[in-house]
Amino acid sequence: MSEPEHIQAGVENEPTASQYRALLDIAESIALHRDMSSLMRDLSRHLRTVVQFDGVSIVLYDATLGKMRMLVLESNVNIRVPIPDVFPVEDAAGGWVWQTQQPVIVNNTAQDTRFPIANRIMHENGLKSYCMLPLTSAGRRLGALGFASSQQAAYGHVVLSFMQKVANQVAVAVDNALNFESAQAAQQQLTLERDRLQLLLEVNNAVTAHLDLRKVFAAISASLGRVINSDAAAMTLYDQESGQLRAFALEPQLPSIMRTSLEEGTLFSIEGTPGEWAINSRQTVLITHEDIKKFSSPIVQRTVADGVKSGCVAPLISHGRVLGTLDVVSLREYAFTKQDAELLTQIAGQIAIAVENALNYQDASIAQHQLAHDRDRLSLLLNITNTIVSRHDLRELIRIISSSVRGKLSHDLMGLSIYDAELNQLRTYMYDFLDNKPFIEDGYLIPLEGSFTGMTFSTGKPFFMNIDYEHFNTDFNKRFREAGFKSGGCVPLVAHGRKLGTLGVVTFYEHVYSRDEEELLHLIGNQVALALENVLAFREIEALKNKLSEEKLYLEEEINTAYDFEQIIGSSPALKRILKKVETVAPTDSTVLIQGETGTGKELIARAIHSLSARRERTLVKINCAAIPTGLIESELFGHEKGAFTGAIAQRIGRFELANKGTLFLDEVGEIPQELQPKLLRVLQEKEFERLGSTRTIKVDIRLIAATNRNLEQMVAERQFRDDLYYRLNVFPITLPSLRERPEDIPLLVRFFASKFARQMKKRIETIPAESVAALQRHHWHGNIRELENFVERAVIVTQGTELQFQLAELKLPAKTVPPPSDTATPASPAELTSLDRVEREHILRVLNETDWIVGGPNGAAARLGLKRTTLQARMKKLGIERHRAAP
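Residues numbered from 1 in each chain as written. Predicted model: local features only at pLDDT ≥ 70, side-chain atom pairs only at ≥ 80, totals over all residues. Heavy atoms only, no water.

## Observations regarding the confidence of the model for the chain
For clarity, the threshold we go by: The pLDDT value expresses, per residue, how confident the predictor is, ranging between 0 and 100. Any two residues whose heavy atoms approach within 4.5 Å are treated as being in contact.
A residue-level look at the chain finds 81% of positions with pLDDT of 70 or above and a mean pLDDT of 79. Low pLDDT, under 50, characterises residues 1–12; the stretch is placed with 29 contacts to residues that sit more than four places away or in other chains. Every residue in residues 556–565 scores below 50 in pLDDT, and together they form 11 contacts with partners more than four places removed in sequence or on other chains.

## Considerations on the pattern of salt bridges
Stated formally: Salt bridges are defined by distance alone: a side-chain nitrogen of Lys or Arg within 4 Å of a carboxyl oxygen of Asp or Glu. The classification of residues rests on relative accessible area computed with a 1.4 Å probe and restricted to protein chains. Under 20% of the type maximum is buried, over 50% is exposed, and intermediate values are partly exposed. Per the convention used, a helix needs a DSSP run of H or I reaching at least four residues, while a strand needs a run of E reaching at least two, with both numbered from the N terminus.
Per the counting criterion, the structure on display carries 30 salt bridges. In this structure, the salt-bridge partner of R114 is D112, at a minimum N-O distance of 2.7 Å. Residue R114 is classed as buried on the basis of its relative accessible area of 6%. Of the residues examined, D112 reaches a relative accessible area of 19% and is grouped as buried. Between K580 and E583 there is a salt bridge whose closest N-O contact spans 3.9 Å. With K580 and E583 both in helix α17 (residues 573–585) and 3 residues apart, this pair spans about one turn of that helix. What makes K580 exposed here is its relative accessible area of 52%. On the basis of relative accessible area, E583 is assigned to the partly exposed category, the value being 49%.

## Some details on the sheet that holds strand β6 (residues 141–149)
For clarity, the cut-off: Any two strands with at least two DSSP-identified bridges between them are counted as paired.
Strand order in this open sheet of 6 strands is β3-β2-β1-β6-β5-β4, and the pairing throughout is antiparallel. Single-partner strands in this sheet number two, and they are β3 (86–87) and β4 (104–106). In terms of strand pairing, β4 meets strand β5 (residues 129–136) through 3 bridges, oriented antiparallel. Residue I105 lies in a different strand from β5, and its bridge partner there is C131.

## Topic: the packing of helix α24 (residues 746–761) against helix α26 (residues 784–798)
Quick reminder of the rule: Inter-axis angles, ranging from 0 to 180 degrees, are taken between N-to-C directions of lines fitted to C-alpha atoms, where helices are fitted over the stretch in contact. Angle categories: roughly parallel below 35 degrees, roughly antiparallel above 145, roughly perpendicular from 65 to 115, and oblique for all the rest. Handedness of each helix crossing follows the sense of rotation of the near helix against the far helix: counterclockwise by less than a right angle gives left-handed, clockwise gives right-handed.
Two numbers describe how α24 lies on α26: the axes approach to 9 Å, and their chain directions differ by 50°. The pairing of α24 with α26 is recorded here as oblique in orientation. In the crossing of α24 with α26, the sense of the turn from one axis to the other is right-handed. For the pair formed by α24 and α26, the contact residues are I746, L749, V750, F753, A754, K756, F757, A758 and M761 on the first element and I785, L788, E789, V792, E793, V796 and I797 on the second.

## Considerations on the pairing of β5
Among the 8 residues of β5, 7 are classified as buried, and the element is accordingly described as predominantly covered. With 8 bridges joining them, β5 and β6 adopt antiparallel strand pairing. Across the sheet, the residue bridging to Y130 is A148, located in β6.

Following this line, the structure appears as C-alpha cells:
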C-alpha cells in the first residue's frame, strides 16, 4: 500500500456563515444527547447541511479487539456488498487516519490502489469517492469520520479546515456518548454486585435466625429469585445409610412443572443425576439443555418432559462432608451464567452450615461420632501429608501409608501403578504383601481395557468390586484371583487435572469396603497424587537439565564455528533454481538430500531450509558423520545409558533425541558404516529408537536433512550403501552446482568476502581490479566457494592500500610438482589453450597417470579431483586429453 495522499488545509475557500451555523447545531446536539443511538441519528441530519454525501459513517477503534469498528450513520445507496462491522486497522482508510491523525481523500475508488479492500467494497456499492477525517477528543484518539459520494472527486473543493472542525465536534459527541455508556455499564455492574451482597446478607441472616431447615430454605428461595433468573429451586439431603438423595425442600411458589416430577421426602438414586456431577467433583455445575438429555435418572427425565431446559446445582459440603445439593432450574435454555454459579456456591456454603447445625441439633450423639471420625481422618491425612513432604522415595512412601491406614482401611495389599503415555498402558511401580515380599514385578504392563485398574484410570472414577468379576479377564486380574484375593478397590491419581496413575487395595475377604473406606482411599489417593506429581516433575526436570546441558554444549560448539549461514550470495540461474527448490521444500517436513562437491555450501542450504521451515524456532542439530570415529557414531546419533560400554560413565542424549521437534542435519551421510545403516533406516521410518544399553523405546519428531559429496547411487550399485536407506533419504534431492558452473556469481562472492575480511582486519578496500576478477572467473576452483573464500582472505591479508591485491600466481601449480606431459596423451595446441587451461590440463594428466587412467570408481581420477565422471570426461575432451595405447 502506498503512502495515502494528505489533504492540504488552507488552500480552499473559507467556511460560509451557514456552515458555521450548522456547526453550532451540531454542538447543540452534543449537549442534548447522551446515548449513542439517538446522537448518531441527529448527527446525520445536521451533517447533511454541511457536506453533500450519499453515505456518512463513523469508524471507532475497539481496544478490546485491536480492530476498527464501523458505525454507518446514513446511506442513500443500495448496499449490494455487505460492509464488515469490524476490520483490521491496516485494511482501510479509517484505520490509517486513526493511526496517523491525518485526513485522506480518495477521488476514484475504482482506480485508487492505496486501500484495495475498502475501495472495492465502496465501488461495488456505487460509492466512487470518499473523505476521511480524524476523530480525536481532548483525551484520546477515537477513530475517523467518513463521507462518501456516488460522484467522483466529490470532495475536491471542500473547506477542509471547516470539515475538521465538524469532525472535532463529532469527536466530542462520540467521546461523551462512549463515556455515558461506560458509566451505565459500571452502574449496572455495581447494582448487580449490591443485589448479590444483599442476597448473601439475607442468606446469612436466615441461617443464623432459624434452626428449622425448611424455614431457612423458604427465606433463601424468596430472595434468590431477585438475583438469579430461576423458575424453581430445591434442596436435597444426602442419606448416609442408603447412599441416595432425598428431596428435602421445594420452593413454596414452585410451578406445577416440578410438582409432578418430584415431591418432598422422595428418595432417589444419585446415579444419572446432575447431583452426581456436583457431588463427585465437589463443585457447582452448570447444566445445559443438551446435558439434561444425557442424564439417565427417571427423576431428571420427568423434569425434562415438564419443560425444564437448564439448571445449576451446587453441592452442600461442610468440613469435607457431603450433605446434599442446592438446585435451581429454568424453563429457558442457558439461563444461568458462571457468575450465578459462583453466587450459588457461596449460598450453598451458608446453607451447608445450616444443614450441619440442624443435623447436629437433631442428633447430637451422631454428630459427635461424626466429628470424632472426621478428626481421626484429618489427623490421618495430616500424618500422610507430613510423610509425603519428608520423603521422596515412592516405594517407601507407599509402604508407610499402607501401614498407617491399616487400622482404618481393610486391605492386605496396596499397590501403585503409573501411566506410560508412550505405550498408553499402566506400568506397575510397587505391589507388595504384608511381609514386603514382591507380588508383581515392577514395570509389569497393565492394559487399559479388560482390567479394573485400567477402567479406573480411563474413567477417572474410584472403582470397588469383587475380584472374580467375569468381565475383567486379563492376566493381571487372573494373578489376583489365583492369589486368593476376593475384593478390592482402586482410585485414580489425579493432580491439577492430569491423570497420573492409580492406587489400589485388595483383601482376602468379600464385600469389605464401605462407603466410608472408599472415601478414605480417595482422599489418600489425592495426597499420593501430589507426591507422584512431584516425583515425576523432578524426573522431568532432571531429564530437561540433562538435555539442556547437551543443547548448551552443542550450541556452544555451533557458536564457535561462526557460520554466516544466512548469507547466500549469487544471482546466477543455477543458484536461483536451487533457491527455488529450497523455497518449495522448506515448509514441508520432507527429507532432503543435498548433493554436491566439497565447498559448494551444502550446510548453508540446510540451514536455509531449516530457517524457512515451521521448525525454525527449534534447534538445528548438526552431525558430521565423517568426523566421528566409527565406534562412537552410534552413541552420538542415538545416545547411551550409563554403563552401556566401557567409558560410558554417565547417560548421554543422542543427536536424534536432541533434535526432537526440530531439524537434524546429517553431513557426509555417505560415511555412515554399513552396520549402522539399518538402525538409521528404522529411525527414519518408525520415528523411534533405543539408546545404547537401554530397552526403552524413545519416539522423536524430527525433520531430516542429509548431505554428501559422494555418489550414493554408485555406492548402492557397489553395495557400499543400502538401497532402501538411499531411497528413504532421496525424497527430495537437491544437487548444488559447482562454482565453475556459476562463474557469474564469482564477482558477487569476491566483493562479499573482501568486505567481510576487510571489516575483520580493520582494512579499507575500495576497489577490486576487474581483470583480476575476470581471471578468477576463468579458474576452475576445485575447492569451490571454500577455496575462493580462502583465496580472497589471503588477498586481503597482503593488501596494503585501498585496492585489493590478488596473488594470481598462486592459482598455478608449482613447476616442480608438474610432471612432464605423458607420452600416451595428445596435448592440445598451445595456441588453443589459456595459461590456466594448460595448468589444469597438466594437473589432470598427472592425476590420470597416478590412477593408471582409471576415470570412475571410488579410487578413480574423478573422485580424487572432486568431479563427476561425466564432468571429467568433458574436461578431458575440451583440453585434448586422450590416452594412446601401444600397438600389440
